[in-house]
Amino acid sequence: NRRMGGTYASSIFISLLGCVDAFGSSVSGRRVGVYSYGSGSTAEFFSGVFQGGATEIAKQANLQSKLDARMNVDVVTYETAECARSAFIDAGDYKVGTAGFDGLYE
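Criteria and thresholds
- Residues numbered from 1 in each chain as written.
- Predicted model: local features only at pLDDT ≥ 70, side-chain atom pairs only at ≥ 80, totals over all residues.
- Heavy atoms only, no water.
- Helix = DSSP H or I, 4+ residues; strand = E, 2+ residues; numbered from the N terminus.
- Buried < 20%, exposed > 50% of the residue type's maximum accessible area, 1.4 Å probe, protein only.
- Contact = heavy atoms within 4.5 Å.
- Core = buried A, V, L, I, M, F, W, Y, C linked by side-chain atoms within 4.5 Å.

A. Representation of the side chain of T55 within the structure. Relative to the helices and strands, T55 is located in helix α2 (residues 54–61). T55 gets classed as buried once you look at its relative accessible area, which sits at 19%. Non-local contacts of T55, meaning those with residues more than four positions away in its chain, are made with V20, G24 and S25.

B. A look at the nonpolar core. By size, the foremost hydrophobic cluster in this structure holds 10 residues: I14, L17, V20, V27, V32, F50, A54, A58, L63 and L67. Elements that contribute at least two residues to this core include exactly α1 (10–23), α2 and α3 (63–68). Looking at this core element by element, the count peaks at three residues for α1.

C. Local environment of the environment of V20. Looking at the element boundaries, V20 is found in helix α1. Sequence separation between V20 and A54 is 34 residues, and the spatial gap between their C-alpha atoms is 6.8 Å. In this structure, V20 is in contact with V27, F50, A54, T55 and A58, ignoring residues within four places of it in sequence.

D. Spatial organisation of the environment of F13. You can see F13 is positioned in helix α1. In the structure, F13 is positioned 21 residues away from V34 in sequence and 9.3 Å away in space, judged by C-alpha atoms.

So, in structure tokens, the structure goes:
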């Protein structure tokens, strides 16, 4: 999470992936607790057990390379992308456009 930052609901999944990535197969069969706090004064705590296939899933996700490939964007670029996304997000058939923004979505 220190490298990824706050990404709302996906933060917990990135954290779980990071745990498996960092500790490898030693997580198999181990219990993990996940705490998530959201706006609106909502918090949830989940508990689960890492399964045997977690290490292979983490390898396929290639988290470190994807984090290394992230790009910095200025506020104007971010707000432009966010406004475009927000304009269509409620449509049932919306598909994220990946053109433009200099490869931001790749």
